[in-house]
Amino acid sequence: MMLSAAHADLLDLFLHFLTLSLLSIGGAISTAPDMHRYLVGERHWLSDTEFTSSIALAQAAPGPNILFVAVLGWNVAGLSGAFAAMAGIMLPSTTLVLAATRWARRNKDSLGVRAFSAGMAPLTLGLMLATGWLLAEPYLRLPEHRLATLVLMAGTVLLTLKTRISLVWMVMAGGVLGALGWV
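Computed from a predicted structure; not experimentally measured.

J.: Lay out the overall build of the protein chain with the relevant residues and their values.
T.: Helix and strand counts for the protein chain stand at seven helices and zero strands. Mapped in sequence order, the helices and strands of the protein chain form the string α-α-α-α-α-α-α. Across its three principal directions, the C-alpha atoms of the protein chain cover 55 × 50 × 25 Å. Out of the 183 residues in the protein chain, the part that is buried amounts to 30%. Contacts in the protein chain between residues at least 24 apart in sequence constitute 58% of all its contacts with a sequence separation of at least 6. With the model as given, the accessible surface of the protein chain reaches about 11,300 Å², and the carbon-plus-sulfur share is 72%.

Take a look at the structure:
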């Protein structure tokens, strides 16, 4: 783990997250596989465990879903890393979303806007499945956690499809099961 980053490293972190921001359809969590590739595989700033733990900690905490980006940045370079990662991920997507929302609201009945909305659903689902797999894979490799992880994954999918239970409660239940050591 790198706690003091050079300005060039902070700029690289900022620019990489800036690029990911434009690809984060469905939220920043959908780009977690590329964040993992960059932070763990390419730059070696974090280990697999640090990466997964950073996301788990941020997802279990109250607040916006995007906090995991700040935790990743913090684990790379402290406060300056958290700021670089968050600024990178938030700046372009926020600007683009504000402009696109205004335009789409004015043109909500056009065929293009309706087709775009319908076409984004499968892409978002695919990115979310890839992220789920990335976060579950380390636990699926461990024989003592494999069955519990598979049961938790299947249970979450079934509850999501068959009930109207809020995802917040499922995340909290997963956190409790993890804290108890069952998963």
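After that view, the rundown keeps rolling.
J.: Kindly report on unusual backbone geometry, identifying the contributing residues and their values.
T.: Phi is positive for His 44, close to 60°, though the residue is something other than glycine. Structurally, His 44 is set in the loop between α2 (32-42) and α3 (48-60). A relative accessible area of 59% places His 44 in the exposed class.

J.: Outline a nonpolar patch on the surface, listing residues and values.
T.: Taken together, the side chains of Leu 159, Ile 165, Val 168, Trp 169 and Met 172 make up a nonpolar region of the molecular surface, amounting to roughly 490 Å² of accessible area. Broken down by element, the residue count for the nonpolar patch peaks at three residues, all from helix α7 (residues 167-179). In this structure, Leu 159 sits in helix α6 (residues 143-162). Take Leu 159: its relative accessible area is 34%, and that puts it in the partly exposed class.

J.: Give a detailed account of the packing of α2 against α3, specifying residues and quantitative values.
T.: In a packed pair of helices, the relevant descriptors are the angle between the two axes and the axis-to-axis distance. Following both chains from N to C, one finds α2 and α3 inclined at 140°, their axes separated by 10 Å at the closest point. Compared by their axis directions, α2 and α3 come out oblique. The interaxial crossing formed by α2 with α3 has right-handed handedness. Residue-level inspection shows Ala 32, Met 35, His 36, Leu 39 and Val 40 of α2 in contact with α3, the latter providing Asp 48, Phe 51 and Ile 55. For the contact of α2 with α3, the residue count by class is six nonpolar, one polar and one charged.

J.: How would you explain the packing of aromatic side chains if you had to name every residue and give the values?
T.: For any pair of aromatic rings, geometry is given as the distance between the ring centres together with the angle between the planes. Applying the stated criterion across every chain yields a total of one aromatic pair. Summarising the aromatic geometry, the rings of Tyr 38 and Trp 45 are spaced 5.8 Å apart at their centres and angled 90° between planes, so their arrangement reads as edge-to-face. According to the relative accessible area criterion, Tyr 38 is buried, its value standing at 4%. The exposure class assigned to Trp 45 is buried, which follows from its relative accessible area of 6%.

J.: Summarise the pattern of salt bridges; cite the residues concerned and give the values.
T.: A complete count under the given rule lists five salt bridges for this structure. The salt bridge partner of Asp 9 is Arg 43, with a shortest N-O separation of 2.8 Å. Of this pair, Asp 9 sits in helix α1 (residues 7-21) while Arg 43 sits in the loop between α2 and α3, and the two are 34 residues apart along the sequence. On the basis of relative accessibility, which here comes to 18%, the residue Asp 9 falls in the buried class. Two residues, Arg 141 and Glu 137, come together in a salt bridge whose shortest N-O distance is 3.7 Å. In this pair, Arg 141 and Glu 137 both sit in helix α5 (residues 111-141), four residues apart, roughly one turn of the helix. Taken together, the shared-partner salt bridges connect Asp 9, Asp 12 and Arg 43 into one network.

J.: Outline the packing of α1 against helix α4 (residues 67-106), listing residues and values.
T.: The geometry of α1 relative to α4 is characterised by a closest axis approach of 7 Å and an angle of 40° between their N-to-C directions. Our classification of the angle between α1 and α4 gives oblique. Considering only the axes of α1 and α4, their crossing is right-handed. Per-class residue counts for the contact of α1 with α4 are 15 nonpolar, six polar and no charged.

Parameters and conventions
- Residues numbered from 1 in each chain as written.
- Predicted model: local features only at pLDDT ≥ 70, side-chain atom pairs only at ≥ 80, totals over all residues.
- Heavy atoms only, no water.
- Helix = DSSP H or I, 4+ residues; strand = E, 2+ residues; numbered from the N terminus.
- Buried < 20%, exposed > 50% of the residue type's maximum accessible area, 1.4 Å probe, protein only.
- Contact = heavy atoms within 4.5 Å.
- Areas by Shrake-Rupley, 256 points an atom, 1.4 Å probe, with all protein chains shown as cover.
- Patch = residues over 30% accessible without salt bridge, like charges linked within 9 Å, V, L, I, M, F, W, Y side chains within 5 Å.
- Salt bridge = Lys/Arg side-chain N within 4 Å of Asp/Glu carboxyl O.
- Axes fitted to C-alpha atoms, helices over the stretch in contact; angles between N-to-C directions.
- Parallel < 35°, antiparallel > 145°, perpendicular 65-115°, else oblique.
- Left-handed = near helix turned anticlockwise from the far one by under 90°.
- Nonpolar A, V, L, I, M, F, W, Y, C, P; charged D, E, K, R; others polar.
- Phe/Tyr/Trp six-rings, centres within 6.5 Å; stacked < 30°, edge-to-face > 60°.

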